[in-house]
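# Residue-level structure breakdown
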Amino acid sequence: MSVISGILDNIILISAIMAWFIAQTLKLIINFSIHRTFDVGFLFSSGGFPSSHSATVSALAIGVGKYYGWSSPIFAIAVIFGMIVMYDAAGVRRAAGKQAEVINQLVEELYQQMSHLSQERLKELIGHTPFEVFAGAIVGIIVGALM
């Protein structure tokens, strides 16, 4: 079996990638329905509803559980890995986004007084609310269960 066919036959990997893609596509659709603008950048953005990070790790954990068994050590590793990713998305990355928002406001105010400063904005939408993380996990669980 070649490496490529092995990768393409890996249903757990395909499931996780599909969950990521579905979550990112949902972001694009939701943004379009709210703002009436079609921004393909949402397919590759972080943050927003639903969390594609949560969808990916949830589908991964479900796939591992289905394939290797719910009591297997590898399933335990996948679940703990998923919990860390989801905690990070709603905690650390969300806090970093809030800090970026405050820094951007400060730079904007300083720029008005000192125009020689760079006015490059930091990315503010990098984390998730707990609801966005939960919604992403639901997407991942559904995709993982169906694959």
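An unreviewed UniProt entry lists the protein chain under the name Divergent PAP2 family protein, from Desulfitobacterium dehalogenans.

On to unusual backbone geometry, then. Put simply, F49 and P50 share a cis peptide bond, and its omega is -10°. Within the chain, R36 stands out as a residue other than glycine whose phi angle is a positive 60°. Assignment of secondary structure puts R36 in the loop between α2 (11–35) and α3 (52–68).

This part covers the side chain of S58. Tracing the backbone through its elements, the reader meets S58 in helix α3. S58 sits in the buried class, given a relative accessible area of 8%. Those residues in contact with S58 that sit more than four places away from it in its chain are M86, A137, G140 and I141.

On to the UniProt feature "transmembrane region" (unreviewed entry) in the protein chain. The positions UniProt marks with the feature "transmembrane region" (unreviewed entry) are residues 12–30, 70–90 and 125–146. Helix makes up 100% of residues 12–30 and strand makes up 0%, while its end C-alpha atoms are separated by 27 Å. With 86% helix and 0% strand, residues 70–90 has end C-alpha atoms that lie 26 Å from one another.

The rules we used
Residues numbered from 1 in each chain as written. Predicted model: local features only at pLDDT ≥ 70, side-chain atom pairs only at ≥ 80, totals over all residues. Heavy atoms only, no water. Helix = DSSP H or I, 4+ residues; strand = E, 2+ residues; numbered from the N terminus. Buried < 20%, exposed > 50% of the residue type's maximum accessible area, 1.4 Å probe, protein only. Contact = heavy atoms within 4.5 Å. UniProt positions renumbered as here; feature names shortened; annotations may be inferred.

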